[in-house]
Number of protein chains: 4
Amino acid sequence: MEKLVRLSMSIEKSLFQKLERMVERRGYENRSEFIRDTVREMIVDEQWKKNEVVIGTVMLVYDHNRRELSEKLTDLQHHQHDMILAATHVHLDQNLCAEMIMVRGKAGDITRLADSLRQQRGVLHAKLITSSTGKEL
Amino acid sequence: MEKLVRLSMSIEKSLFQKLERMVERRGYENRSEFIRDTVREMIVDEQWKKNEVVIGTVMLVYDHNRRELSEKLTDLQHHQHDMILAATHVHLDQNLCAEMIMVRGKAGDITRLADSLRQQRGVLHAKLITSSTGKEL
Amino acid sequence: MEKLVRLSMSIEKSLFQKLERMVERRGYENRSEFIRDTVREMIVDEQWKKNEVVIGTVMLVYDHNRRELSEKLTDLQHHQHDMILAATHVHLDQNLCAEMIMVRGKAGDITRLADSLRQQRGVLHAKLITSSTGKEL
Amino acid sequence: MEKLVRLSMSIEKSLFQKLERMVERRGYENRSEFIRDTVREMIVDEQWKKNEVVIGTVMLVYDHNRRELSEKLTDLQHHQHDMILAATHVHLDQNLCAEMIMVRGKAGDITRLADSLRQQRGVLHAKLITSSTGKEL
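Residues numbered from 1 in each chain as written. Chains lettered and ligands numbered in written order. Predicted model: local features only at pLDDT ≥ 70, side-chain atom pairs only at ≥ 80, totals over all residues. Heavy atoms only, no water.

Peer 1: Mind laying out the relation of the copies chain B and chain D, listing which residues take part and the relevant values?
Peer 2: For the match of chain B to chain D, the screw axis carries a shift of 0.0 Å, the RMSD comes to 0.0 Å, and the turn is 180 degrees. The transformation just described matches what one would write down for a two-fold rotation axis. When C-alpha positions in chain B are compared against the rotation axis, the closest is assigned to Ser 8 of chain B, at 2.0 Å. When the interface residues of chain B are mapped onto chain D, 100% of them are again interface residues, pointing to one common binding face. (Least-squares fit on C-alpha atoms with pLDDT ≥ 70 in both. Contact = heavy atoms within 4.5 Å.)

Now the structure itself:
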C-alpha cells in the first residue's frame, strides 16, 4: 500500500459547501477519494493524448448473419493479437451479438484498431473506452 | 437482411469533396456506410438520454491487494445480477487488475451501477461505454 | 471578498506528485486555484443538467449573402430579446460573418434558441458555450 | 452561391425512418440540411485537431472587485491583440461580469490564450467555443 501525504488548500466557504454536497450526492465516502478520482481521470486523459501505453475496451454490437463478418472481426483481432488481452462475446438475440475486447497498447494503435472494427459492414455500433494500465494512477 | 431504400440529397460541391476525403481518411468503403454509422451514433446518444433499455460496458482498473475490494465488487455485481450479461477479468501485473463488465438495463440504472463501482476505495479508474441493444439500429 | 476555509486531505504520494506537475504544466499559480477551478467546472455542468438559470454564448458563422438570413437571425433574437444580453457581429470577409450572442435563461431555453439559430439555411456553424451567472461559483 | 451536387446513398429502411424523425425533431427543414450540418461539424473538429487557422470565442465570468483583475485581463488581450476580433462585456450584477471574446488564429494559440485567461485569480469560469472561419464549410 502506498504512502499517503497530507495536502492542504484554501477554498471559498460557499464553494467548499458545494463541494461537500457534490461528494455526498455522488456517493463518495469522503472528499479525499473524490478529489483523487478527479485527478486520476485527468491523468488518464493526458496519457491518451500523449500516445502512451494504455488500456482500452472496444465494445461492438453487430449482426452475425452478415456474411463473413465474424471471420473478418476475428481476423482483425488476430492480426493485432499481441495487443488484445481478452475478448468476450454475448448473444443478444437471434441475430445480434455484442462483444467487448480489452486491448493494451499505444493509444493511437488502439484507436486505429477500434476504427477498423467499426468500419466493417454489419457492425452496428462500436465504441472505445479509454482507460489506463493503472501504473501511473 | 433488411431492405435498403435509396435516399438522395443535395450538397455544396466543396462540402461534398470534403465529405469524400473524410470517408476515405477514416477508412470507410463508401459514403453510405459512413453516413449510416453517423446516424446510428446519434440514435444511441438519444437512447441513453431518454433512459431506454440499452447495453453498456463498464471498465474497471483496480488494486486487488486492497482489503475486501474484490468481494465488494463481486457483491455489487451480484446485487444487480439480472443486469449483468458477462464479466471478464484480466491480471495486469502483480497488483493491478482490469475488468470489463457488460450490462443490459435502463440507461439510468447502468450509470448508477458504474458510479457505485467507481466509488469503491482501491478502484483506480472506472469508465462506462454507452452502446445499444442494436434493435433500433 | 469571500471568507476562505482551510481544507485538508490525504493522497497517495505518487498521485500528489502528478497533481503538482499538472498544476504547473497548466500554468496555475498554485494547487488550490486548480482544484477550485475543477470544482467550479463541475458545478456549471450540474447547473445545465438541472435546467437552472445560467449564462451561455452562442457563436454563429454564416454567409450574409444568403437571402433574408440576417433578418431571420435578427427576428429569432428579438423573439427572445429578454434572454439576450448582448450580440456582437464581426465581418470575416466579403461573404462570411461571425456573431457571438450572450444569453441568460433556463438551460433548456438557451439550448433551444441555439438549435433554432443553427437550423437556418446559410448558417454554416453554430455552437453554444455553457457557462454560469457566477452566483453559485 | 455555390453549386450544389446531387448525392445519393442506400440506407436500411428502419434506419431511414429514424433519420427522418430525428431531422424533424431537431427542427430541420429537410434531411439535406441536417446531413450538411453534421459534416460541417466534423470538419470543424478536424480543423482544431490539425491546428489550422480557426475562429473561437472565449467566455469569461469574473468578479470585477478582484484587485487588478480587469487590468490583467485587458493586458493579456492586448498582448494578443492581433488575434482578437472583438470583445463584449456584460455587467451581470453588482460584482460579477461576463465577457465574450472572439479570436482568430491557430487552434493551439487560441487554446493557450483561453487557458491563460482562465488561470487568473478571480476568474470564476472560462470556456472556449471552437468554431471556424467558415471558408472550408
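Additional details are given in the paragraphs that follow.
Peer 1: Hey, could you go over the sheet that holds strand 5 (residues 123-130) of chain C for me, with residue numbers and the actual values?
Peer 2: Residues and elements named next belong to chain C. The strand order 3-4-2-5 describes an open sheet built from four strands, whose pairing is antiparallel. Single-partner strands in this sheet number two, and they are strand 3 (84-91) and strand 5. Between one strand axis and the next, the sheet turns by 15 degrees as a mean value, whatever way the strands run. Alignment of strand 2 (residues 53-63) against strand 5, held across seven bridges, turns out to be antiparallel. (Pairing = 2+ DSSP bridges. Helix = DSSP H or I, 4+ residues; strand = E, 2+ residues; numbered from the N terminus. Axes fitted to C-alpha atoms, helices over the stretch in contact; angles between N-to-C directions.)

Peer 1: Report on the environment of Arg 21 of chain C, specifying residues and quantitative values.
Peer 2: Residues and elements named next belong to chain C. Mapped onto the secondary structure, Arg 21 falls in helix 1 (residues 13-25). You can call Arg 21 partly exposed: its relative accessible area is 47%. Through-space distance from the C-alpha of Arg 21 to that of Arg 118 is 40 Å; in sequence the pair is 97 residues apart. (Buried < 20%, exposed > 50% of the residue type's maximum accessible area, 1.4 Å probe, protein only.)

Peer 1: Let's hear about the relation of the copies chain B and chain A: which residues, and what values?
Peer 2: For the pair chain B and chain A, the superposition axis carries a translation of 0.0 Å, the fit reaches an RMSD of 0.0 Å, and the rotation angle comes to 180 degrees. A shared binding surface is used by both copies, with 100% of the interface residues of chain B retained as interface residues in chain A.

Peer 1: So what's going on with the packing of helix 1 (residues 13-25) of chain A against helix 2 (residues 31-49) of chain C? Which residues, and what values?
Peer 2: Where helix 1 of chain A contacts helix 2 of chain C, the axes come no closer than 10 Å and their chain directions differ by 65 degrees. Along this stretch, helix 1 of chain A crosses helix 2 of chain C, giving a crossing that reads as left-handed. Mapping the contact onto sequence places Leu 15, Lys 18, Leu 19, Met 22 and Arg 25 of chain A in helix 1 of chain A and Arg 36, Val 39, Arg 40, Met 42, Ile 43 and Glu 46 of chain C in helix 2 of chain C. When grouped by side-chain class, the residues that make up the contact of helix 1 of chain A with helix 2 of chain C number six nonpolar, no polar and five charged. (Left-handed = near helix turned anticlockwise from the far one by under 90°. Nonpolar A, V, L, I, M, F, W, Y, C, P; charged D, E, K, R; others polar.)

Peer 1: Tell me about the interface of chain B and chain D, and name the residues and values.
Peer 2: The interface of chain B with chain D comprises 34 residues on the first partner and 34 residues on the second. Between chain B and chain D lies a buried interface of about 4000 Å² when both sides are counted; carbon and sulfur atoms form 61% of it. At the junction of chain B and chain D, the tally comes to 10 salt bridges. In this structure, Glu 46 of chain D and Arg 26 of chain B form a salt bridge, with 3.2 Å as the shortest nitrogen-oxygen distance. Taken together, chain B and chain D are joined by 20 residue pairs in polar contact (both at pLDDT 80 or more). Counting only elements with at least two residues in the side of chain B that touches chain D, the list comes to strand 1 (4-12), helix 1 (13-25) and helix 2 (31-49) of chain B. Its residues assigned to classes, the side of chain B that touches chain D comprises 15 nonpolar, five polar and 14 charged. (Buried area = accessible area lost by both parts, 1.4 Å probe. Salt bridge = Lys/Arg side-chain N within 4 Å of Asp/Glu carboxyl O. Polar contact = N/O pair within 3.5 Å; in protein donor to acceptor, adjacent residues only side chain to side chain.)

Peer 1: Lay out the side chain of Asp 63 of chain A with the relevant residues and their values.
Peer 2: Residue and element names in this part refer to chain A. Following the sequence through the fold, Asp 63 ends up in strand 2 (residues 53-63). With no salt bridge to any partner, buried Asp 63 finds its closest opposite charge in Arg 66, at an N-O distance of 5.8 Å. Setting aside residues up to four positions removed in sequence, Asp 63 forms contacts with Leu 69, Asn 95, Leu 96 and Gly 122. (Lys, Arg positive; Asp, Glu negative; His and termini not counted.)

Peer 1: Could you give an account of the packing of helix 2 of chain B against helix 2 (residues 31-49) of chain D, with specific residues and numbers?
Peer 2: For the pair helix 2 of chain B and helix 2 of chain D, the least separation of the axes is 12 Å and the interaxial angle reads 90 degrees. On the basis of their axis angle, the class for helix 2 of chain B and helix 2 of chain D is roughly perpendicular. Contacts between helix 2 of chain B and helix 2 of chain D involve Phe 34, Ile 35, Thr 38 and Met 42 of chain B on the former and, on the latter, Phe 34, Ile 35, Thr 38 and Met 42 of chain D. Broken down by class, the residue content of the contact of helix 2 of chain B with helix 2 of chain D amounts to six nonpolar, two polar and no charged. (Parallel < 35°, antiparallel > 145°, perpendicular 65-115°, else oblique.)

Peer 1: How would you sum up the confidence of the model for chain A? Please name residues and give values.
Peer 2: Per-residue confidence for chain A gives a mean pLDDT of 91; residues scoring 70 or more make up 99%. Here the prediction assigns the complex a pTM of 0.88, and the interface score ipTM is 0.90. (pLDDT = per-residue confidence, 0-100.)

Peer 1: Can you break down helix 1 of chain A residue by residue, with the values?
Peer 2: Taking 1.5 Å of rise per residue, the 13 residues of helix 1 of chain A would be expected to cover 18 Å, and the 18 Å separating its terminal C-alpha atoms lies within 8% of that figure. The complete set of buried residues in helix 1 of chain A reads Leu 15, Lys 18, Leu 19, Met 22 and Val 23 of chain A. One face of helix 1 of chain A carries all of its buried residues, which in axial projection span an arc of 140 degrees. In this structure, the buried side of helix 1 of chain A is in contact with strand 1 (4-12) and helix 2 (31-49) of chain A together with strand 1 (4-12) and helix 2 of chain C. Following helix 1 of chain A by one or two positions, Gly 27 of chain A adopts a phi angle in the positive range, close to 80 degrees. (Expected span 1.5 Å × (residues − 1). Arc of directions from axis to C-beta.)

Peer 1: Before we move on, can you summarise unusual backbone geometry with the specific residues and values?
Peer 2: Phi at Asn 51 of chain A takes a positive value of approximately 60 degrees, unusual for a residue other than glycine. Mapped onto the secondary structure, Asn 51 of chain A falls in the loop between helix 2 and strand 2. Look at Asn 51 of chain A and you get partly exposed, because its relative accessible area is 33%. The phi dihedral of Glu 68 of chain B falls on the positive side, at around 70 degrees, and the residue is not glycine. Within the element layout of this structure, Glu 68 of chain B appears in the loop between strand 2 (53-63) and helix 3 (69-79).

Peer 1: So what's going on with the interface of chain B and chain A? Which residues, and what values?
Peer 2: Chain B puts 50 residues into the contact, and the matching count from chain A is 51 residues. Buried surface at the junction of chain B and chain A, summed over both partners, amounts to about 4100 Å²; 60% is from carbon and sulfur atoms. Remark: the boundary between chain B and chain A carries four salt bridges. In this structure, the salt-bridge partner of Glu 33 of chain A is Arg 121 of chain B, at a minimum N-O distance of 4.0 Å. In this assembly, chain B and chain A are joined by nine residue pairs in polar contact (both at pLDDT 80 or more). When contributions to the side of chain B that touches chain A are tallied by element, the ones reaching two or more residues are helix 2, strand 2, strand 3 (84-91), strand 4 (96-106) and strand 5 (123-130) of chain B. Residues of the side of chain B that touches chain A, tallied by class, amount to 22 nonpolar, 12 polar and 16 charged.

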